[in-house]
Amino acid sequence: MTHGQDGREGRVGRVGRMGFAALKRCATAIGLRPSFGLTLCAAIVVGAFVVAQGFSPAIAQQPPANPLAPFIKIQAPVVALVHARVIDGSGAPSREDQTLVIRDGNIAALGDSARTPPPAGATIVDLTGKSVLPGLVMMHEHLYYTTGPGVYGQLGVSFSRLYLAGGVTTMRTAGNVNGIMDINISRRIAAGEMPGPDIDATAPYVNGPSSFLQMHAVRSADEARAHVDYWANQGSTSLKAYMQISRAALKAAIDYGHRRGMKVTGHLCSVTYGEAADLGIDNLEHGFFAATDFVADKQPDVCPGQARGQQTIAALDENGEPFKALVKKLVDRHVALTSTLTVFETFTPGRPLPQGLDVLAPQLKDAFQRAYDRASQNQQSVYAALFPKAMRLERAFAKAGGTLIAGTDPTGAGGVVPGYADQRQIELLVEAGFTPAEAISIGTLNGAKYLGRDARIGSIAIGKHSDLVVVAGNPSTTIADIRRVESVFKGGVGYDPQK
Ligand SMILES: [Zn+2]
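Residues numbered from 1 in each chain as written. Predicted model: local features only at pLDDT ≥ 70, side-chain atom pairs only at ≥ 80, totals over all residues. Heavy atoms only, no water.

### Re the coordination of the zinc ion
Argument step 1. Taken together, the protein donors to the zinc ion comprise H140 (NE2), H142 (NE2) and D409 (OD), at separations of 2.0 to 2.3 Å.
Argument step 2. On the basis of relative accessibility, which here comes to 0%, the residue H140 falls in the buried class. (Donors = N, O, S within 2.8 Å, 3.2 Å for Na, K, Ca; no water. Buried < 20%, exposed > 50% of the residue type's maximum accessible area, 1.4 Å probe, protein only.)

And the structure:
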């Protein structure tokens, strides 16, 4: 999971014509450190080549090799997926033996295989025994990773590939500590320069003064507006408030964010869910895990500590009036709730080891294993009661008409691995009591609706984008089959998850 390699690949690609061996000889000859020597030599060789060509503009106009090519499995003008089971993302029962035609990145035809012949010249892919579902639309993803307590390293290149390989075709980055990287990666993916999902690039957290070394401290409504303005101008497309924000700063961020066309979510603590709903927030993160509404002596604008809030949620009566009143307020104000069960599962004793740990650098894998062992041995863990309770609360919210969306949050102690965790999140929604079709709908169409993009993505229907995941087996009866990804279509191109 290092991304230094990608920079090297980029430089080598530009000078590939000149011969890698010649560059190495040059680097050795001038006796520099290999990486620096190679770069310098590449510059010398390219410079010499440009001079020899008399600065011909033809060099700049040569079409670059398709940078996505190494990751592609299926690419053709027209592709027909035949004999497929279709789980369309609407929550409806799956349909057997369907033909789905992809043309120009859109779903051009869809119907029973017997009555839907593939067009002449189409590339035929036989999906007997396999299923097609919409690409996942995941709403609490990050392009950074825990590299120490409260410190986050930027891993955008490897993470965007892992998300896509796991079946995620659209995602929101839901807060970051860098800002620029999410914007740049979103733009590069949109331009076809990198593989990855379409990205709603959230601005750096809008937070009050806190102990987080990498976060901006927003102390007033004016500073909140300045933060929103700066990041909107840079190209961020959504906002996330964090645990120490004041009501005044949050109100300013919401109102000003909306004027700049950005939706606002929050992982809150200092502001209660009820207060945030009254202020006009669009979305709240982490189900009810972050709600401090039920802390008896909660002081306005002060975070009583995440643990205090979580104790009250673990003890909360899910049939009681206080919880029902909060749910009603969130539903009435159209506040969506993001389920991120994956990150909390890693804190809960007795849960299985997460998938995907093998892609981590050894130090990160070891660090997570130690945290997992500690969590397993913690007899007093609040999560033993809290985790199943939180599942029931999320289900109650959805049953009451609330918009539940899904995400993973690759933070915590580091056991939430992009792509693998996105599949796990859908499995956990099924464990929470949703049917597989409902869980898939939460992870696809609900996210698309929240983003206002459901006319184009989030479900499988004629005219929509062909953002699709092909899996072996039948996740509509066996949700674990959602892990058996064979290809991921985005923009009409089928990517190979192994690559
Ligand atoms: Zn997060």
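Moving on, there is more to tell.
### Some thoughts on the packing of aromatic side chains
Argument step 1. Throughout the structure, instances matching the rule amount to 14 aromatic pairs.
Argument step 2. Seen in terms of ring centroids, Y144 and Y152 are 4.7 Å apart; in terms of plane orientation they differ by 50°. Their pairing is tilted. Residues Y144 and Y152 agree in their burial class; the two are buried.
Argument step 3. Ring geometry for F347 and Y383: centres 5.4 Å apart, planes at 50°, overall tilted. Within this pair, whereas F347 is found in the loop between α12 (341–345) and α13 (362–377), its partner Y383 is found in helix α14 (residues 383–399), the two being separated by 36 residues in sequence.
Argument step 4. What makes F347 partly exposed here is its relative accessible area of 26%.
Argument step 5. Note on Y383: relative accessible area 12%, which makes it buried.
Argument step 6. The ring of Y450 is capped by K263, whose NZ or CZ atom sits 4.4 Å from the centre of that ring. (Phe/Tyr/Trp six-rings, centres within 6.5 Å; stacked < 30°, edge-to-face > 60°. Helix = DSSP H or I, 4+ residues; strand = E, 2+ residues; numbered from the N terminus. Lys NZ or Arg CZ within 6 Å of the ring centre and 35° of its normal.)

### Remarks on the confidence of the model for the protein
Argument step 1. Averaged over all residues, the pLDDT of the protein equals 89, while 87% of them reach at least 70.
Argument step 2. When the criterion is pLDDT under 50, residues 1–59 qualifies, and its contacts beyond four places in sequence or with other chains add up to 42 contacts. (pLDDT = per-residue confidence, 0-100. Contact = heavy atoms within 4.5 Å.)

### Re the state of the cysteines
Argument step 1. Evaluation of the coordinates by the stated rule reveals one disulfide.
Argument step 2. Covalently, C269 is tied to C303 through a disulfide, its sulfur atoms 2.1 Å apart. Its torsion about the S-S bond being 70°, the disulfide of C269 and C303 is classed as right-handed. Placement of the pair is C269 in the loop between β13 (263–266) and α9 (273–279) and C303 in the loop between β14 (283–284) and α10 (306–315), with a sequence separation of 34 residues.
Argument step 3. For C269, a relative accessible area of 0% puts it in the buried group. (Disulfide = S-S within 2.5 Å.)

### Focus: the pattern of salt bridges
Argument step 1. In the structure shown here, the tally under the stated rule is 24 salt bridges.
Argument step 2. Here D198 and R453 are joined by a salt bridge, their closest N and O atoms 3.9 Å apart. Here the residue D198 occupies a position in strand β11 (residues 198–200), and R453 occupies one in the loop between α17 (445–451) and β17 (468–472), the gap between them amounting to 255 residues.
Argument step 3. On the accessibility criterion, D198 (23% relative accessible area) is partly exposed.
Argument step 4. Assessed through its relative accessible area of 28%, R453 is described here as partly exposed.
Argument step 5. In this structure, the salt-bridge partner of E318 is R392, at a minimum N-O distance of 2.9 Å. Highlighted residues: E318 in the loop between α10 and α11 (321–332) and R392 in helix α14, separated in sequence by 74 residues.
Argument step 6. For E318, a relative accessible area of 23% gives the class partly exposed.
Argument step 7. Residue R392 is classed as partly exposed on the basis of its relative accessible area, which comes to 41%.
Argument step 8. Each of E345, R351, R424, E427, E431 and R483 takes part in salt bridges that share partners, so that together they form one network. (Salt bridge = Lys/Arg side-chain N within 4 Å of Asp/Glu carboxyl O.)

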